[in-house]
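# An overview of the molecular structure
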Amino acid sequence: MSQQSSTATVSSSVVVVDCGSGYTRVTSFNFSADTTLIHAVKSSSNISALHTVIHCPDKSHEWIKQLIPIIEEFHPFAPEVFLGGTGGVRALISQGRISSAEVYAFQQKLENFMELSFEANFRILSGDDEAKYEFMAADYCGKKCGFFDSSNNKVGLLSSGGMSSQIYVDGKAHSLETATKIGNAMGVEHGMRQAIADFKKRVSKIVQTELPENYGGDNILYFAVELLAGAGEKAGMGGVNKTTVSDAIHKFTNYINKNIDEEVLESTTKRTWRDYVYVMNAVVGVLILQRLHPNSEILFCREFELREDHVLKVSWPLGYAIQTL
């Protein structure tokens, strides 16, 4: 078990299972009466993505059996276990590749699984749910770290993952089916330059349909998290320094062009989908940022150090824990 924060007296706790599009991650969140902070402990291992097995009774049975010992690492300190299906599951449902009957059958299997030593609740999160929970997490970490001042009238969230991107500001949520995984696959098949052009064309239609120009207004501090924060770090914008939307677009564009040039120079090097992850998220970032007010500010940061040796990663599971604890 790998610990993300210092040991503390536990007042209440919840285990959250993030059934993401890449794999399934388990985190225990504890509220400490000593520090009045939420502490997070990640499991020492992950299992396969739920959307790859939920339609098959035998595979989903085995998936639950693999999940049990991971969750029981935290037992008996976790009276509640919450499983949230995200973009990978939503995409297959919208495509008709997973039926509501198969989802219900999985829920029943989970509830009636004889080997469970805990109560597990499963729900497929909407894109708006993800955006809201991620915003709650960013807002919590930002306040604890003192990133808010009188010049910031509003706080917003920007997030990008394997299947969707989330925007949250002024109580409004948007979830965009940007699917950077498709961009990664395009890169492997066609190379950086062609893939970026094709992926940009695909995603720009989605972003322009969902977000009006100057969306959210000015004087907003956006927290960019998850893979979008990773792309920002790769483009030289990581850490605790804020940047304007217009500067972020410029740096993302330079980062994208640099990767195109480097692939041309290294044409004999065989690349995998991992080589395209942050570049495709940078493409998504540019398209989203172009719809925001250019004077708004962004903080690209995946993790926040609330105190010495107490680090929290902004994620929807943290937001769910904040709401629950």
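Values in this document were obtained by computation on a predicted structure and should not be read as measured data. (Residues numbered from 1 in each chain as written. Predicted model: local features only at pLDDT ≥ 70, side-chain atom pairs only at ≥ 80, totals over all residues. Heavy atoms only, no water.)

### So, helix H2 (residues 87–94)
With six of eight residues buried, H2 is to be regarded as a mostly interior element. In this fold, the buried residues of H2 make contact with strand E6 (81–85), strand E7 (120–124), helix H4 (127–144), strand E9 (165–169) and strand E10 (172–176). (Buried < 20%, exposed > 50% of the residue type's maximum accessible area, 1.4 Å probe, protein only. Helix = DSSP H or I, 4+ residues; strand = E, 2+ residues; numbered from the N terminus. Contact = heavy atoms within 4.5 Å.)

### Looking at unusual backbone geometry
The backbone of aspartate 170 shows a phi angle near 55 degrees, a positive value even though the residue is not glycine. Tracing the backbone through its elements, the reader meets aspartate 170 in the loop between E9 and E10. Of note in this structure, glutamate 226 is not a glycine but carries a positive phi near 55 degrees. Following the sequence through the fold, glutamate 226 ends up in helix H7 (residues 226–234). For glutamate 226, a relative accessible area of 17% gives the class buried.

### Some words on the packing of helix H6 (residues 192–210) against helix H8 (residues 245–265)
In contact at an axis separation of 9 Å, H6 and H8 are set at 145 degrees when each is read in the N-to-C sense. From H6, Met192, Arg193 and Ile196 reach across to H8, where they touch Ile256, Asn259, Ile260, Asp261, Glu263 and Val264. Partitioned by chemical class, the residues of the contact of H6 with H8 number five nonpolar, one polar and three charged. (Axes fitted to C-alpha atoms, helices over the stretch in contact; angles between N-to-C directions. Nonpolar A, V, L, I, M, F, W, Y, C, P; charged D, E, K, R; others polar.)

### Brief notes about the nonpolar core
Counting 40 residues, the largest nonpolar core has Leu158, Phe252, Leu289 and Ile298 as the members making the most contacts within it. At the level of secondary structure, the elements contributing two or more residues to this core comprise E9, H6, strand E11 (220–225), H7, H8, helix H9 (277–289) and strand E13 (297–300). Top element by residues in this core is H9. It accounts for nine residues. Core analysis: the next-biggest nonpolar cluster, separate from the first, contains 32 residues, Ala137, Ala138, Leu221 and Leu299 among them. (Core = buried A, V, L, I, M, F, W, Y, C linked by side-chain atoms within 4.5 Å.)

Scope: geometric values only; no functional claims are made or implied.
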